[in-house]
Structures are given as C-alpha cells and as structure tokens.
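Take a look at the letters that make up each chain.
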Amino acid sequence: MPKLYEYFGLIILFYSNEHEPIHVHGKYQGTESKAELIIENGQVVDIRYSNVRGRRPLGPRPMADFRAVVEEFAEEIVEKWIDYFILHKPVPSETITRKIG
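Here is a short report on the structure shown in this document. Bear in mind the structure is a predicted one, so any value in this text is a computation, not a measurement.

**A look at the overall build of the protein chain**
Across its full length, the protein chain holds two helices and six strands. Against the globule reference of 13 Å for 101 residues, the protein chain gives a C-alpha radius of gyration of 13 Å, in line with a compact fold. Each principal axis of the C-alpha atoms in the protein chain carries an extent, and together these give about 35 × 30 × 25 Å. Burial analysis of the protein chain (101 residues in total) assigns 42% to the buried set.

Structure, rendered in structure tokens:
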C-alpha cells in the first residue's frame, strides 16, 4: 500500500492490488474517497471523484484538500502509477507542508 502524499493529515495512496483505471485513494480519520484520473493521448483530461463502497466518504474539508492535491499532482500521480504497477519500482512518499490553492 504505497503512500504517495501526506497533506495535513490526509493520506493519498495506492492499494497494492489495484487495477486500472488509474486512481488514488484519499484517507482521513477513518473516512475514504477516491479519484480516477481520465487520460486521453497521454494527458490527464478529467478527474472523477467518488465514494468507496463500505467506507464513510471524506467530509467537506478533507475532500477539498484531496481535490487540491490530486489536481496539483495529477501528472505526477500517473507517473507514480506507471512506476509502481508497470515498472515495479518503489515510489517515494512526500509530505506536503505548504498549503495548496
């Protein structure tokens, strides 16, 4: 379960047994939502946010933070997905200490 980012208590991660489409999970104090990155011609063209079945969704503030991080780092998330799931390389975790947005 590689953790990609930590942002003021919000954790953004992949689950190790993930599948396409490319997506990340955001977890905060027992809640969780996910973001699917829609790619066309090698570019992120849309991000679709949804709830995770069986989990309480992120509240308004953590969800706003999740959106900010995913939108800011969308291209990097795709690179990390390829590194981890295709190339089987470790991906480093980052702690983001500056406010986004």
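**Comments concerning the sheet that holds strand S4 (residues 31-40)**
What the six strands build is an open sheet, ordered S5-S4-S3-S2-S1-S6; its pairing is mixed. The sheet is open, and its two borders are formed by strand S5 (43-51) and strand S6 (94-96), each paired with just one other strand. The sheet shows a mean angle of 20° between the axes of neighbouring strands, direction not considered. Relative to strand S2 (residues 10-13), strand S1 (residues 3-7) is paired through four bridges, and the arrangement is antiparallel. When the sheet's bridge partners are listed, Tyr7 is paired in S2 with Leu10. Docked against the sheet, helix H1 (residues 60-72) engages S1, S2, strand S3 (23-28), S4, S5 and S6, running at close to 160° with respect to S5.

**Some remarks on the side chain of Lys80**
Inspection of the secondary structure assignment puts Lys80 in helix H2 (residues 74-86). Residues in contact with Lys80, not counting those within four places in the same chain, are Leu4, Tyr5, Phe14, Val91, Pro92 and Glu94.

**Topic: the nonpolar core**
With 27 residues, the main nonpolar core has Tyr5, Val24, Phe66, Val69, Val70 and Ile77 as its most contacted residues. Of all the secondary structure elements, the ones that give two or more residues to this core are S1, S2, S4, S5, H1 and H2. If near-sequence neighbours (up to four positions away) are discounted, Val24 is found in contact with Leu4, Ile12, Leu13, Phe14, Ser33, Lys34, Ala35, Phe66, Val70 and Ile77.

**Quick notes on the side chain of Asp65**
Here Asp65 shows up in helix H1. With relative accessibility at 9%, the residue Asp65 sits in the buried group. With sequence-adjacent residues up to four places away left out, Asp65 is seen in contact with Tyr7, Leu10 and Lys99.

**A word on a nonpolar patch on the surface**
Among the surface-exposed residues, Ile82, Ile86 and Leu87 lie close enough to one another that they form a single nonpolar patch of about 270 Å² accessible area. One can find Leu87 in the loop between H2 and S6.

**Observations regarding the pairing of S5**
As judged from the eight bridges shared by S4 and S5, these two strands associate in the antiparallel manner. Note that in S5 the partner of Ser33 across the bridge is Asn51. Linking S4 to S5, which pair antiparallel, is a turn of two residues; within it Asn41 sits at a positive phi near 50°.

Thresholds applied
- Residues numbered from 1 in each chain as written.
- Predicted model: local features only at pLDDT ≥ 70, side-chain atom pairs only at ≥ 80, totals over all residues.
- Heavy atoms only, no water.
- Helix = DSSP H or I, 4+ residues; strand = E, 2+ residues; numbered from the N terminus.
- Rg over C-alpha atoms; globule rule 2.2 N^0.38 Å.
- Buried < 20%, exposed > 50% of the residue type's maximum accessible area, 1.4 Å probe, protein only.
- Pairing = 2+ DSSP bridges.
- Axes fitted to C-alpha atoms, helices over the stretch in contact; angles between N-to-C directions.
- Contact = heavy atoms within 4.5 Å.
- Core = buried A, V, L, I, M, F, W, Y, C linked by side-chain atoms within 4.5 Å.
- Patch = residues over 30% accessible without salt bridge, like charges linked within 9 Å, V, L, I, M, F, W, Y side chains within 5 Å.
- Areas by Shrake-Rupley, 256 points an atom, 1.4 Å probe, with all protein chains shown as cover.
- Salt bridge = Lys/Arg side-chain N within 4 Å of Asp/Glu carboxyl O.

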